[in-house]
Amino acid sequence: MPETLMADKAAFDVDKIRQDFPILSQTVRGKPLVYLDNAATTQKPHRVIERVRRFDAEEYGTVRRGAYRLCEHATQLFEEARQKVADLLGAGDKKEIVFTSGTTQAINLVAYSFGRRFVNAGDEIIISNIEHHANTVPWQVLCEERGARLKVIPVNDAGELILEEYEKLLSDKTRLVAVNHVSNALGTVNPIREITEKAHAAGARVLIDGAQSTPHMKIDVREIGCDFYTFSGHKMYAPSGIGGVFGKMELWQEMPPYVTGGDMIMTVTLEKTTYAPPPARFEAGTPAITQVIGLGEAIDYLNDIGMDNIARYEKSLLDYGTRLLSEIDGLRIIGTAHDKAALISFALDAAHPHDVVTLLDQDGIAVRGGHHCAQPTMARFGVPATSRASMAFYNKPEELDALAESIRKVIKLFS
Amino acid sequence: MSYDNELYQQVILDHNRKPRNFHEMDHATHQCHGVNPLCGDDITVYVDVDGASQTIRGVSFTGSGCAISKASTSLMTDFLKGKTLEEARVVFSEFHRMILGEFDPAKETNHLGKLKLFVGIREYPSRTKCASLAWHTLIGALDKKTEGVSTE
């Protein structure tokens, strides 16, 4: 094991962290579970599991409506969680946080609502070649509906956005630039502050898909300057079915509702409805109350460990894993950006990713094989699919040793 | 070290490494293109049918995919030579139900022969389409589906 990693190990007690996650002590086919699909979804710490249980068992009630005790208490906890999200993202005002089911719904909300208000025929939206389908398809649909055009920032062979090309795409027709902070397929960390500055200089707004970044690094939306920033709870140790989007209040105020119904109104008569101010305007219906409480607890947990500590430890894991996998003949790492999150996508000469995944599973190792909902990224790198090992701060270097050993077995089996 | 599983057996690995009948067929009477859009498996199956006897004279294929899909297609092409169209459809039905876990060749009379090798796939529901793509494409060819077939 490299010395730097050992030094980090002393500062970051991963064995102690692992005890917080009940699922990590289980075995798969008689072997210890090695969970390396964290970019898909993350495991839950005991604290979150217990908080959700206790809320449902002892504190559950609807929010924002009733005047009785359970309701008022649940509403208070719910709004406290919104404040925790605002603090985590560096938002100035918790009213700028709108809860959704996750990043997919968050981007759909912005595409629909921002699109209806601000995008017209002849306008342009810019995405990149390495976006998740969730940050691709909503913009394609919007462009088709509004008669706008979708433009795409190309990437170099390392999987980094080519900023000179990006600058050429920007013009006074650009209404919005929508890119991810971290690519789910390659791990590339994009220079979103620079991307935002250039977009603003051209008069365009910016949405950052933060699904893959919020679990791994400190975020400050005011420092980034972006207009929207999305996240998914289940990728950051919280329950599934909850996520959201930060948006600048000046924009939220201008935007029409996405989903309509109860809770998002000011007054309703049979002739006309006036809408509630943000964020309620964008949160029709009873929200995912329990999940929001769980999200708040997950954020407390992350803050107790410290996002900077998490980022530092995961970087050492990435460096160690990259070195291990680079030493394997017949393995090619797809995505070699200078700035990367702890995620390694790879292709083997000998075996298809689906065979790799099935065989690694025999050793209790959970990785993802497929196109990662990023088919344009796969097409750019000339592969139908990749295998992807994505790490979290509860992973150990020894698990990456096990991964490398199992990959060598696959190669041997297929040779 | 080896894997303790009944899926990646030597025969399957061998057919993946050296697929049989892996070429186009100029004189094919039927052909079809099949894709599994979720994993990118992409094959074309060519069939040469003797019209008078309704017998398959030969089957070949081209394309790319995972080991399971390639081995399944390769074994299928070997297996079908000399079979009647009716026999081919019976085997398709048995094979399909076997990989879904609805038909156990160890307990029921069957016509699967070597194809029983793929019985282990019933333990891997996410991989059944890898094994069945070849057969769906074959049936697409026999049914003259010019638009091709997809597992989705």
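Residues numbered from 1 in each chain as written. Chains lettered and ligands numbered in written order. Predicted model: local features only at pLDDT ≥ 70, side-chain atom pairs only at ≥ 80, totals over all residues. Heavy atoms only, no water.

### Observations concerning helix α3 (residues 85-99) of chain B
Residues and elements named next belong to chain B. Here α3 contains 15 residues, and its C-alpha end-to-end distance of 21 Å stays within 8% of the 21 Å for a straight helix at 1.5 Å per residue. Of the positions making up α3, those classed as buried are Leu 85, Ala 88, Val 91, Phe 92, Glu 94, Phe 95, Met 98 and Ile 99. Of the residues flanking the end of α3, it is Gly 101, one or two places downstream, whose phi is positive at about 80°. (Helix = DSSP H or I, 4+ residues; strand = E, 2+ residues; numbered from the N terminus. Expected span 1.5 Å × (residues − 1). Buried < 20%, exposed > 50% of the residue type's maximum accessible area, 1.4 Å probe, protein only.)

### A closer look at the side chain of Thr 137 of chain B
Residue and element names in this part refer to chain B. Mapping Thr 137 onto the fold places it in helix α4 (residues 128-142). Given the relative accessible area of 0%, Thr 137 is considered buried. When sequence neighbours within four positions are dropped, the list of residues in contact with Thr 137 reads Cys 32, His 33, Gly 34, Ile 43, Val 45 and Val 149. (Contact = heavy atoms within 4.5 Å.)

### Side note on the domain arrangement of chain A
All names here are of chain A. What the domain assignment lists for chain A is domain 1 (3-45 + 306-414) and domain 2 (49-304). Inter-centroid distance (C-alpha atoms) of domain 1 to domain 2 is 28 Å. Each partner contributes to the interface: domain 1 provides 42 residues, whereas domain 2 provides 36 residues. Between domain 1 and domain 2, the buried area comes to about 3,200 Å², and carbon and sulfur atoms account for 54% of it. The three residues of domain 1 that bury the most area against domain 2 are Pro 45, Met 307 and Arg 380, which together make up 19% of that side's buried surface. At the boundary of domain 1 with domain 2, the tally comes to one salt bridge. (Domains from an automatic or database assignment. Buried area = accessible area lost by both parts, 1.4 Å probe. Salt bridge = Lys/Arg side-chain N within 4 Å of Asp/Glu carboxyl O.)

### Let's talk about the sheet that holds strand β4 (residues 97-100) of chain A
All names here are of chain A. An order of β4-β10-β9-β8-β7-β5-β6 is seen for the seven strands of this open sheet, with the pairing classed as mixed. Here the strands that pair on one side only, and so sit at the sheet edges, are β4 and β6 (149-153). Put simply, the sheet's adjacent strands are angled 20° from each other on average, direction ignored. In the packing of helix α5 (residues 103-118) onto the sheet, contacts are made with β4, β7 (174-180), β8 (205-209), β9 (228-232) and β10 (243-247), and the angle to β9 comes to roughly 155°. (Pairing = 2+ DSSP bridges. Axes fitted to C-alpha atoms, helices over the stretch in contact; angles between N-to-C directions.)

### Regarding the pairing of strand β11 (residues 265-268) of chain A
Residues and elements named next belong to chain A. Note that β11 and strand β12 (residues 273-275) share three bridges and pair antiparallel. Looking at β12, one finds that Ile 265 is bridged to Tyr 275. Where β11 folds back onto β12 in an antiparallel hairpin, the turn is made up of four residues.

### Considering the packing of α3 of chain B against α4 of chain B
All names here are of chain B. Orientation of α3 relative to α4, taken along the N-to-C sense of each, is 155°, at an axis distance of 10 Å. If you check the angle between α3 and α4, you find them roughly antiparallel. Like other packed secondary-structure pairs, α3 and α4 cross with a definite hand, here left-handed. Contacts between α3 and α4 involve Leu 85, Ala 88, Arg 89, Val 91, Phe 92, Phe 95, His 96 and Ile 99 on the former and, on the latter, Thr 128, Ala 131, Ser 132, Trp 135, His 136, Ile 139 and Leu 142. Here the contact of α3 with α4 is composed, by residue class, of 10 nonpolar, four polar and one charged. (Parallel < 35°, antiparallel > 145°, perpendicular 65-115°, else oblique. Left-handed = near helix turned anticlockwise from the far one by under 90°. Nonpolar A, V, L, I, M, F, W, Y, C, P; charged D, E, K, R; others polar.)

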